[in-house]
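Below, each chain spelled out in residue letters.
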Amino acid sequence: MIRDAIVAVKTLLARSELVTRAAVAVRDQANTLVRLRMTDSPWVAYSGERWLIDVLAPHCSVFVDVGGNTGVWSELMLAADGPPKRGLMFEPSTSALALLRAKFAAHPELTIIPMAVSDAPGTTTFYEEENAGGTSSCVPGYSKPTARARTVEVTTVDAALAAHGLDHVDVMKVDVEGFDLRVLKGARTLLTEHRVGLVQFEYNEMWLGAGSTLREAVDWLESLGMEVYLLNARGLWRPNFRRYGEHLGLSNYVAISPEWQERMRPYMRGAI
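None of these values were measured; they are calculated from a predicted model. In this numbering scheme, every chain counts its residues from 1 along its sequence in written order. With the structure being a predicted model, the display of local features is reserved for residues of pLDDT at least 70 and the display and counting of side-chain atom pairs for 80 or more, all residues being used for whole-chain, interface and lining totals. Side-chain measures were taken over the full set of non-hydrogen atoms in the model, leaving aside hydrogen atoms and water.

Points about the sheet that holds strand β11 (residues 251–256)
Paired through their backbone hydrogen bonds, the strands of a sheet run either parallel or antiparallel.
Turning to step 1, where the next piece is worked out: Each pair of strands is called paired provided DSSP finds at least two bridges between the two strands. Strands are runs of DSSP state E lasting at least 2 residues, helices are runs of H or I lasting at least 4, and numbering of each runs from the N terminus. The strand order across the open sheet formed by 9 strands is β3-β2-β1-β7-β8-β11-β9-β10-β12, and the pairing between neighbours is mixed. Because the sheet does not close on itself, it has two edges, and the strands there are β3 (110–113) and β12 (268–271). Between one strand and the next, the sheet's axes are offset by a mean angle of 20°, whatever the strand orientation.
Turning to step 2, where the next piece is worked out: Here 4 bridges tie strand β2 (residues 86–90) to β3, and the two strands are oriented parallel to one another. Bridge assignment links M89 to a residue of β3, and that residue is I112.
Turning to step 3, where the next piece is worked out: Two residues form a contact once any of their heavy atoms are found within 4.5 Å. In this analysis, axes come from line fits to C-alpha atoms, helices being fitted only over the stretch in contact, and the angle between any two N-to-C directions falls in the range 0 to 180 degrees. Across the sheet, helix α2 (residues 17–38) touches β9 (227–232) and β11, and the angle it forms with β9 is around 100°.
Turning to step 4, where the next piece is worked out: Across the sheet, helix α4 (residues 72–79) is in contact with β1 (62–66), β2, β3, β7 (169–174) and β8 (196–203); its angle to β1 comes to roughly 165°.

Comments concerning the environment of K103
Turning to step 1, where the next piece is worked out: On the secondary structure map, K103 appears in helix α5 (residues 94–103).
Turning to step 2, where the next piece is worked out: K103 sits 28 residues away from E75 along the chain, and the two C-alpha atoms are 8.9 Å apart.
Turning to step 3, where the next piece is worked out: With sequence-adjacent residues up to four places away left out, K103 is seen in contact with T70, G71 and E75.
Turning to step 4, where the next piece is worked out: Within the structure, K103 has its side chain in polar contact with the backbone oxygen of T70 (distance 2.7 Å). Pairs of N or O atoms are called polar contacts if they sit within 3.5 Å, as long as, within protein, a hydrogen donor faces a hydrogen acceptor (for residues adjacent in sequence, only side-chain-to-side-chain pairs).

Brief notes about the side chain of N204
Turning to step 1, where the next piece is worked out: Note that N204 resides in the loop between β8 and α9 (206–209).
Turning to step 2, where the next piece is worked out: Note on classification: 1.4 Å probe, protein chains only; a residue is buried when its accessible area is under 20% of the maximum for its type, exposed when over 50%, partly exposed between these limits. A residue is classified by how much of its surface remains accessible, and N204, at 8% relative accessible area, is buried.
Turning to step 3, where the next piece is worked out: Not counting the four nearest positions on each side in its chain, N204 is found in contact with E177, G178, L248, G249 and L250.

Observations regarding the pairing of β1
Turning to step 1, where the next piece is worked out: Extensive coverage of β1 is indicated by the burial of 5 of its 5 residues.
Turning to step 2, where the next piece is worked out: Neither face of β1 is open: one carries V62, V64 and V66, the other F63 and D65, and all of them are buried.
Turning to step 3, where the next piece is worked out: When β1 meets β2, the two strands line up parallel, connected through 5 bridges. Bridge pairing in β2 links V64 to L88.
Turning to step 4, where the next piece is worked out: With its strands directed away from the observer, a crossover is right-handed exactly when the path from the first strand over the helix to the second travels clockwise. In this fold, β1 hands off to α4, which returns the chain to β2; that crossover is right-handed.

Description of the packing of aromatic side chains
Turning to step 1, where the next piece is worked out: Here a pair means two rings of Phe, Tyr or Trp (six-membered ring of Trp) with centres within 6.5 Å. Their orientation is stacked below 30 degrees between planes, edge-to-face above 60, and tilted elsewhere. Inspection of the entire model under this criterion finds 6 aromatic pairs.
Turning to step 2, where the next piece is worked out: Ring plane angle 75° and centroid distance 5.1 Å describe the contact between Y203 and W207, whose orientation is recorded as edge-to-face. Taken individually, Y203 and W207 each receive the classification buried, so the pair is uniform in this respect.
Turning to step 3, where the next piece is worked out: Across from the ring centre of W260, 4.6 Å away, lies the NZ or CZ of R263, which sits over that ring. A ring is considered to have a charge above it if a Lys NZ or an Arg CZ atom is located within 6 Å of its centre and within 35 degrees of its normal.

With respect to the packing of helix α3 (residues 49–56) against α4
Turning to step 1, where the next piece is worked out: The contact between α3 and α4 brings their axes to 9 Å, and the two run at 35°. Two packed elements cross with a definite hand, and for α3 against α4 that hand is right-handed. Contacts from E49, R50 and I53 of α3 reach α4 at W73, L76 and M77.
Turning to step 2, where the next piece is worked out: Its residues assigned to classes, the contact of α3 with α4 comprises 4 nonpolar, no polar and 2 charged. Should the near helix be turned anticlockwise from the far one by less than a right angle, the crossing is left-handed, and should it be turned clockwise, the crossing is right-handed. Under the grouping applied here, Gly and all other residues not named as nonpolar or charged are polar, the nonpolar ones being Ala, Val, Leu, Ile, Met, Phe, Trp, Tyr, Cys and Pro and the charged ones Asp, Glu, Lys and Arg.

A closer look at the nonpolar core
Turning to step 1, where the next piece is worked out: Counting 52 residues, the largest nonpolar core has M172 and V199 as its most contacted members.
Turning to step 2, where the next piece is worked out: Element by element, the count of residues in this core is highest for helix α10 (residues 214–223), at 5 residues.
Turning to step 3, where the next piece is worked out: Setting aside its immediate chain neighbours within four residues, V199 contacts M172, V174, L184, L191, M226, Y253, V254 and A255.
Turning to step 4, where the next piece is worked out: Residues grouped as a nonpolar core are buried Ala, Val, Leu, Ile, Met, Phe, Trp, Tyr and Cys residues, joined through side-chain atoms within 4.5 Å. Membership of the second largest hydrophobic core comes to 27 residues, among which are L56, W73, V171 and W260.

Describing the pattern of salt bridges
Turning to step 1, where the next piece is worked out: Whenever a carboxyl oxygen of Asp or Glu lies within 4 Å of a side-chain nitrogen of Lys or Arg, that contact is scored as a salt bridge. Counted under the stated rule, the structure contains 12 salt bridges.
Turning to step 2, where the next piece is worked out: The salt bridge partner of K185 is E216, with a shortest N-O separation of 3.3 Å. A residue pair is termed long-range when its members are at least 10 positions apart, and K185 in helix α7 (residues 180–185) and E216 in helix α10 qualify at 31 residues.
Turning to step 3, where the next piece is worked out: For E216, a relative accessible area of 34% gives the class partly exposed.
Turning to step 4, where the next piece is worked out: The shortest N-O distance in the salt bridge between E193 and R195 comes to 2.8 Å.
Turning to step 5, where the next piece is worked out: Of the residues examined, E193 reaches a relative accessible area of 47% and is grouped as partly exposed.
Turning to step 6, where the next piece is worked out: Through salt bridges with shared partners, one network takes in E227, E262 and R265.

These results come straight from atomic positions and should not be treated as a statement about function.
Here's what the structure looks like:
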């Protein structure tokens, strides 16, 4: 009886344009709070990415940077402590490539590959923003209105590593504005055979346009024996889908291979 009465009241309220608009406004603010809980900052120095590099660098000799953009992540990894490092960086943006080639001209240990990355080789449309814009993407409808659509070549992580004579990756970072799960699927062989120590990947609302979900990514990676955590400046946290669902807030996640899980245990903080 009480439940039926509550449903009846809600149904009546839902017919009001004013009440519905108020509900949407409250929902938007609530979603903002949830998203702010997931991440501390969009910037590498404050998001947890910088301290994670410092943790990983002593154990990293081979890294892959998918979505190099202006090269901040690779620059930090190359400068960090640990053994000499070899890296592959992927970036299809012409303006970003010009910047990257100048920045890393004195770093022959970093190979810059002017291609997009996905789950299968071929070509795709890339929406390129001017001046190495950070939301250039292969997902339509999310980049700036001034973005220029152009066809770019696509490879996979599995294919590229084989072509460059690499049989493992210690650390892989993926930040491609929506295509992130497709990039991971293109590293299926490496991930299945546990030849990637740790993967950091970005998650945001562009995943919707790519037809991907965080739940799909976590379930798939866990089926390969990896443990998946949310990354922020406070540590590594277990995702809580029952509480938050697909929050779509800009955030980074980390998938850890069985061989690296004990090494990362001191940084695991439980459920978010």
